[in-house]
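So you can see what is in the structure, the chains are spelled out below.
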Amino acid sequence: MDNGLSRIRRKRDASTRRVSTIPTSVAVLLLVIGWTATGCAGHSAFAADNGDVCPSRVLVLYNADRGERLPGNFALLGGEQESRAVALEYVRMRGDPVTGERPALLGLHCGGGAESPLNQDHLAELSRDNHCGVVYQGPEDDQPLSGCDMRDSRLVEVVLPDSESAWDQDSLYLELIPDVSVGTTPIVLVEGGLSRFPGAVQVQQGEDWQIRANGRTFLHGRFTAVARCRDMDGELHEWRAPFHDVQYAAFSRTGADGIRDDQNYLDCVENPVKAFLEDPENARPDGTLLRDHVLHIVVAHGLPKTAVARYGIAPGITERLNNYGPDIDFGQRLQVMYYDLQGVHQNRVGAKRFTPARGETAAFGRYLFRTELAEPLWGVDMNPFVHPQAYLRESGKLDTRPPRFTAAQRAFRPDRHLYFSMRIDGHSALEAMDLIHRAVYASRFAGPEMGVLEGVPLNASPERTGDISRGPGKLFWDAGYRHLFRESWGRGRVRIALFRLAPDMGFLNTTPVFLPGGIATQVLSRSSWNREDSPLNEYLRQGVTVTAGAARSGGGAPHIHNHSFWDEEIFNPLLLEGYPVGELLLMSQIHLGWVTSFVGDPLYRLPARPSRPKRWGELAWEEHVRVMPSHDSDHGPGYLVMVDLGSTAEEPRVAQLRLTGNDGAVGGDDSFVQGRFSARPAVFVPAEAMHGRDGWRVELMDPFGEQYRLEGRLPEVHGLNPAHPAHQLSGAPQAGQ
């Protein structure tokens, strides 16, 4: 596969400058959920079982500085703030009631209060001047300068730009004008279209380039290159560009200001996490440090979506400078915190070729100073657990499989000590919690029978399934799965949507939603957290269980690409074999330290022998139905009505909800629906619809079509103003959703 990378020229070792850093005052909240002496024996019996798939292999991180708390009666975990509540919910639902194994829990603290860097979508830094990792200080410079936009004087290249009139290349001219401090005269390298230094300066008539020369052969230090050429209309054109001497360029961990561009990340996140994992007090009963025991990191709702790359150096994959950026996925930065980056990428200063900026007509090639750290951690050599044929157009991929992602296998490559990270997230804490419940539910019950109702035909059609006649679609269909969907465009860019429940299938949803265990993504650069209308955000609104997108698009993030998600020819067959999602995504992760954000529970996997959940006991209206003031941006003040299903690890429960007023003066029998499957389904009811109604009916439907019905009166809510901002619930279901 052509990765579009220009290799950095390695000419010499760069000296390393010692610079001071400004530490950030930090603290860390630690909580270890108790261990048992039981090891990580596999919980399910199937051929591909990985004995390391167990709760204690997971470290859950949350934002201890998060101020928001779950509102009112919906603070179901003792009034915890949102991020911690989501983390605790994961620990509760993923704790193994048989072995006692539970995930470890770690709260991150970074100064506290609303101003904490952890309370932003991007973990902000004090400095952002080290995008290239190179500083320059010539004899005439009082202090280091950023080398990011400096051309390497060893690579003087002239490429005549496009012109309406053809170029008269017999008039081509190039001279080098030294900096005033050098005190030498200009040197003419090309005149009349001919090289004055044959063998040292190359001239050609081809389209790729016209002149190539090593300027440092003729001048040391800074100089300005001047090129001239006439077009066939006789008009003379001139271009100028400054060049700098590589002997004064050096690798930098901080940039010119002496402050590390990832210092807040180190102080507030990586160093506390490492200290926790390496603390003997947190070790396993046999003395194994969590550093070597934990395989997965779960990032709870409320932590930043992005952090900066190592040293703040911007990675990228193309020759377009605007496709580079230091803001990478928060979890992916954690994933490689023990990775021997120095052993992979040396701190050598070289040059990297970039295409001209948009609108730039300069004739000089852009070979800018860079270090190897600007190159991505790309390829099968970077990840010991990646499938060697990932993303290649080859058959028989499953004939070869990489090592299983286990602690024992990871120990064979201490220089590639990896974790796999996923976010438990959504547009609200309640939505993030629902993702946990859907993952646990699907790990027990998801199979071909889920979503199948007697008398409802589930035929393949363009509207309901799209084209699933081949590839992964046919694979799932032949295995008995009937809730699939494939978009008609971009076959290599759109992964098949598993467990997508179309409307009119006998369930309550009037628009597409996902059954528990739903998996979907679209490979689009705009599918990101920071774009409200992105496919990533739409999948979350539809109740997906696993998805992926860009942690950020634009604004300092590198450009995402189609080899950043998962290879269906590897992912889907092994998903059917029972591999956990976290391991499968790592098997497809050909690009480490990148901007892709993986969303979901890494322990989720399809059960080898899915069972059917038993019918729930009776739900009591007074105990399970809750109401609180809320506010909808379109419908104004109102109330959020929720049904708590009492979902537990032993008996996970999710359902759709329809709330209907039995009678009343407003609009007859109005219904309010949440089609997304949830452990606490909720609907927003406008305030005016609440008045004049003596009774309400709640209808619930689980993923197998079991129906439950409750009737009663909604509790009176006294002394609270639903229009008050304090009672607005972010991410709450909207009216009629």
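Keep in mind the model is a prediction, meaning the values are calculated, not measured.

Asks: Describe the sheet that holds strand 7 (residues 156-158), listing the residues and the values that go with them.
Replies: Across a sheet, strands are paired by hydrogen bonds formed along the backbone, either parallel or antiparallel in direction. Taken together, three strands build an open sheet; the order of strands is 7-12-11 and the sheet is antiparallel. What marks the edges here is a single partner per strand, and that holds for strand 7 and strand 11 (201-203). Within this sheet the neighbouring strands show an average axis-to-axis angle of 5°, counted without direction. One ladder, built from three bridges, connects strand 11 with strand 12 (residues 211-213); its direction is antiparallel. Along strand 12, the bridge assignment pairs Val203 with Ile211.

Asks: Lay out the environment of Gly325 in plain terms, naming residues and giving numbers.
Replies: Positionally, Gly325 belongs in the loop between strand 17 (306-308) and strand 18 (327-329). Sequence separation between Gly325 and Ala314 is 11 residues, and the spatial gap between their C-alpha atoms is 4.4 Å. Setting aside anything within four residues of it in sequence, one finds Gly325 in contact with Ala314, Pro315, Gly556, Ala557 and Pro558.

Asks: Give me the lowdown on the confidence of the model for the protein chain, citing residues and values where you can.
Replies: The pLDDT averaged across the protein chain works out to 86; a share of 86% of its residues lies at or above 70. The low-confidence segment residues 41-48 (pLDDT under 50) makes 21 contacts with residues lying over four places distant or belonging to another chain. In the model, residues 718-737 has pLDDT below 50 throughout and makes 45 contacts with residues more than four positions away in sequence or in other chains.

Asks: A description of the environment of Pro558 should follow, citing residues and the corresponding values.
Replies: By the element assignment, Pro558 lies in the loop between strand 28 (547-550) and helix 10 (568-577). In this structure the C-alpha to C-alpha distance between Pro558 and Tyr324, which are 234 residues apart in sequence, comes to 4.4 Å. Ignoring any residue separated from it by four or fewer positions in sequence, one finds Pro558 in contact with Pro315, Asn323, Tyr324, Gly325, Asp327, Ile328, Trp594 and Val595.

Asks: Let's hear about unusual backbone geometry: which residues, and what values?
Replies: In the Ramachandran plot, Tyr311 falls in the positive-phi region, its phi being about 65° despite a non-glycine side chain. With respect to the helices and strands, the residue Tyr311 is situated in the loop between strand 17 and strand 18. One non-glycine residue, Tyr391, lies in positive phi territory at about 70°. By the secondary structure assignment, Tyr391 is in the loop between strand 22 (377-378) and helix 6 (407-410). Tyr391 sits in the buried class, given a relative accessible area of 12%.

Asks: Before we move on, could you go through the packing of aromatic side chains and cite the residues and values that matter?
Replies: All chains considered together, the criterion is met by 18 aromatic pairs. Consider the rings of Tyr136 and Phe369, whose centres lie 6.4 Å apart with planes at 15°: the pair is stacked. One end of the pair, Tyr136, is in strand 4 (residues 134-136); the other, Phe369, is in strand 21 (residues 366-371), with 233 residues separating them in the sequence. Residue classification places Phe369 among the buried residues on the basis of a relative accessible area of 0%. Here Phe223 and Phe243 contribute two aromatic rings whose centre-to-centre distance is 5.6 Å and whose plane-to-plane angle is 20°, an arrangement assigned as stacked. Of this pair, Phe223 sits in strand 13 (residues 223-231) while Phe243 sits in strand 14 (residues 236-244), placing them 20 residues apart in sequence. Taken individually, Phe223 and Phe243 each receive the classification buried, so the pair is uniform in this respect. One aromatic cluster in this structure is built from Tyr136, Tyr248 and Phe369. Taking NZ or CZ as reference, Lys305 lies 4.8 Å from the ring centre of Trp529, over its face.

Asks: I'd like a rundown of the pattern of salt bridges, residues and numbers included.
Replies: Under the criterion given, the structure shown has 42 salt bridges. A salt bridge links Arg333 to Asp262; its shortest N-O distance comes to 3.1 Å. Pair noted here: Arg333 is in helix 4 (residues 330-335) and Asp262 is in the loop between strand 15 (249-251) and helix 2 (263-278), with a separation of 71 residues, a long-range link. Taking relative accessible area as the criterion, Arg333 reaches 3% and is therefore assigned buried. With a closest N to O distance of 3.8 Å, Arg626 and Asp644 form a salt bridge. Of the two residues, Arg626 sits in strand 31 (residues 625-632) while Asp644 sits in the loop between strand 32 (636-643) and strand 33 (655-661), which places them 18 residues apart along the sequence.

Asks: I'd like to hear about the pairing of strand 37 (residues 707-712), residue by residue, with values.
Replies: Burial along strand 37 is one-sided: the face carrying Tyr708, Leu710 and Gly712 is buried and the face carrying Gln707, Arg709 and Glu711 is not. In this sheet, strand 37 lies alongside strand 36 (residues 696-701) in antiparallel orientation, the contact comprising six bridges. Its bridge partner being in strand 37, Met701 is matched across the sheet by Gln707. Counted along the chain from strand 36 to the antiparallel partner strand 37, the turn is five residues long, and its residue Gly705 has a positive phi close to 90°.

Asks: Provide a residue-level description of the nonpolar core, including the pertinent values.
Replies: Ranked by internal contacts, the top residues of the largest apolar core, which has 85 residues, are Phe499, Leu575 and Tyr604. The element contributing the most residues to this core is helix 11 (residues 581-588), with five residues. Not counting the four nearest positions on each side in its chain, Leu575 is found in contact with Phe476, Leu498, Ile519, Val581, Leu584 and Leu606. Of all hydrophobic cores here, the second largest spans 39 residues; its members include Leu536, Leu540, Val599 and Met642.

About the criteria used
- Residues numbered from 1 in each chain as written.
- Predicted model: local features only at pLDDT ≥ 70, side-chain atom pairs only at ≥ 80, totals over all residues.
- Heavy atoms only, no water.
- Pairing = 2+ DSSP bridges.
- Helix = DSSP H or I, 4+ residues; strand = E, 2+ residues; numbered from the N terminus.
- Axes fitted to C-alpha atoms, helices over the stretch in contact; angles between N-to-C directions.
- Contact = heavy atoms within 4.5 Å.
- pLDDT = per-residue confidence, 0-100.
- Buried < 20%, exposed > 50% of the residue type's maximum accessible area, 1.4 Å probe, protein only.
- Phe/Tyr/Trp six-rings, centres within 6.5 Å; stacked < 30°, edge-to-face > 60°.
- Lys NZ or Arg CZ within 6 Å of the ring centre and 35° of its normal.
- Salt bridge = Lys/Arg side-chain N within 4 Å of Asp/Glu carboxyl O.
- Core = buried A, V, L, I, M, F, W, Y, C linked by side-chain atoms within 4.5 Å.

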